[in-house]
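# Coordinate inspection notes
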Amino acid sequence: MWIPDALYRKLPVIYAATGAALIPAFGLNGPSVLSAALLMGAGALTALWRFRHRQPPVAPALSPREEWEQRRAKRAQTLDIQ
């Protein structure tokens, strides 16, 4: 499914605006409140996922073996100096 780029960038706002517009349009009853909450949640999740995706990747943590090897190399260097 293809969505134009201009519309794709505005999707979180469109979800939230549609959710906010449901309450005045249909009143304060169960189905409209649930639908509004789900749409606003979808907008928030979409915005959060896009924000996280655009962040630079975090370096992976060292495995216990790699950490041990680094500590061993540091100890060897300090012993050589003394």
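Our subject is the structure listed above.
Predicted, not measured: the structure shown is a model, and the values here were computed from it.

## Quick word on the packing of aromatic side chains
- This model, assessed by the stated rule, comprises 0 aromatic pairs.
- The lysine or arginine in question, Arg50, covers the ring of Tyr8, its NZ or CZ lying 4.0 Å from the ring centre.

## Comments concerning the pattern of salt bridges
- Scanning all chains against the criterion turns up 3 salt bridges.
- Residue Arg9 is joined to Asp5 by a salt bridge in which the shortest nitrogen-to-oxygen separation is 3.2 Å. Of the two residues, Arg9 and Asp5 both sit in helix H1 (residues 5–9), 4 residues apart, roughly one turn of that helix.
- For Glu67, the salt bridge goes to Arg71, with nearest N and O atoms at 2.7 Å.

## Quick look at a nonpolar patch on the surface
- A cluster of nonpolar side chains, Leu45, Leu48 and Trp49, forms an exposed patch at the surface whose accessible area comes to about 310 Å².
- Within the secondary structure, Leu45 sits in helix H3 (residues 30–54).

What counts and what doesn't
Residues numbered from 1 in each chain as written. Predicted model: local features only at pLDDT ≥ 70, side-chain atom pairs only at ≥ 80, totals over all residues. Heavy atoms only, no water. Phe/Tyr/Trp six-rings, centres within 6.5 Å; stacked < 30°, edge-to-face > 60°. Lys NZ or Arg CZ within 6 Å of the ring centre and 35° of its normal. Salt bridge = Lys/Arg side-chain N within 4 Å of Asp/Glu carboxyl O. Helix = DSSP H or I, 4+ residues; strand = E, 2+ residues; numbered from the N terminus. Patch = residues over 30% accessible without salt bridge, like charges linked within 9 Å, V, L, I, M, F, W, Y side chains within 5 Å. Areas by Shrake-Rupley, 256 points an atom, 1.4 Å probe, with all protein chains shown as cover.

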